[in-house]
Structures are given as C-alpha cells and as structure tokens.
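One letter stands for each residue in the lines below.
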Amino acid sequence: SGEGATLDGKKSSNMFYLSGGCSLYLEALHFVDGRGEYGGAVDALGAGDIAMRDVSFTGCEASEYGGGMFVESSGDVSLEGASFSECT
C-alpha cells in the first residue's frame, strides 16, 4: 500500500538481532537492502515470539542462511501480509 516506514541497511548490515527471549512485533514496515551472515534484515537466535504484519523484505542478502529473515531456537513466528522479493 506504500504506507509505513522503511529501514534501509544499505547492503552493510541487518536491522534487528534478537536473542535472550526478546520478542518483537512490527507492523507496516519495509526492509530494504539488508545484509548479514544470518538473515539479511532480521536475525533471531533464541528469541521470543516474533509477529509481523504488512511488512516487506526487498533485496536482503545473507551470506549463510535466511535471505530476508533467519529464525532459530525461538518462539512462535507469525507473518501476516508479508512479502519477500529478491532476497538471497
């Protein structure tokens, strides 16, 4: 819809690293050009619940796993209205 904020990693970093049971809820957010070893935009290792609504991931890269988003040993993940485009 074009609404919401945009986070641009400028191909130099991811935007969120979650651990220690930390939970995250995001709505109407656009991740652009994130880059990381795990998860180009979001890297969650041992995090709590993650919920996202009306989010998009565009051009995000990971050198190991999870082009746009990587989640391991974490709580529930809910993606509603999420899109991934050109993430590797």
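Calculation notes
Residues numbered from 1 in each chain as written. Predicted model: local features only at pLDDT ≥ 70, side-chain atom pairs only at ≥ 80, totals over all residues. Heavy atoms only, no water. Pairing = 2+ DSSP bridges. Helix = DSSP H or I, 4+ residues; strand = E, 2+ residues; numbered from the N terminus. Axes fitted to C-alpha atoms, helices over the stretch in contact; angles between N-to-C directions. Patch = residues over 30% accessible without salt bridge, like charges linked within 9 Å, V, L, I, M, F, W, Y side chains within 5 Å. Areas by Shrake-Rupley, 256 points an atom, 1.4 Å probe, with all protein chains shown as cover. Salt bridge = Lys/Arg side-chain N within 4 Å of Asp/Glu carboxyl O. Buried < 20%, exposed > 50% of the residue type's maximum accessible area, 1.4 Å probe, protein only. Disulfide = S-S within 2.5 Å. Phe/Tyr/Trp six-rings, centres within 6.5 Å; stacked < 30°, edge-to-face > 60°.

Undergrad: Hey, could you run me through the sheet that holds strand E8 (residues 69-72) in this one?
TA: Adjacent strands of a sheet form backbone hydrogen bonds with each other and so pair up, either parallel or antiparallel. Read from one edge to the other, the open sheet built from three strands follows the order E2-E5-E8, with strand pairing classed as parallel. On the outer flanks of this sheet lie strand E2 (16-18) and E8, each paired with one strand and no other. Looking at each pair of strands side by side, their axes are set apart by 5° on average, direction ignored. When strand E5 (residues 42-45) meets E8, the two strands line up parallel, connected through four bridges. In the sheet register, Leu45 faces E8, and the bridge partner there is Glu72.

Undergrad: Mind showing me how you'd approach a nonpolar patch on the surface here?
TA: Taken together, Val71, Val77, Leu79 and Phe84 make up a surface patch of nonpolar side chains, about 310 Å² in accessible area. Mapped onto the elements, Val71 comes out in strand E8. Judged by relative accessible area, Val71 falls into the partly exposed class, the value being 32%.

Undergrad: What exactly am I supposed to notice about the state of the cysteines here?
TA: All told, the structure shown has zero disulfides when counted by the stated rule. Not part of a disulfide, Cys60 finds its nearest cysteine sulfur in Cys87, a span of 4.5 Å. You can call Cys87 partly exposed: its relative accessible area is 24%.

Undergrad: Explain the packing of aromatic side chains here, please?
TA: What describes a pair of aromatic rings is the distance from one ring centre to the other and the angle between the planes of the rings. Within this structure, the stated rule accounts for six aromatic pairs. Ring geometry for Phe57 and Phe84: centres 4.5 Å apart, planes at 5°, overall stacked. Of this pair, Phe57 sits in strand E6 (residues 50-58) while Phe84 sits in strand E10 (residues 83-85); the two residues are 27 residues apart in sequence, bridging distant segments of the chain. Look at Tyr65 and Phe70: their rings are 6.4 Å apart centre to centre, the planes differ by 25°, and that puts the pair in the stacked class. Connected via pairs of aromatic rings, a cluster forms that spans Phe16, Phe31, Phe57 and Phe84.

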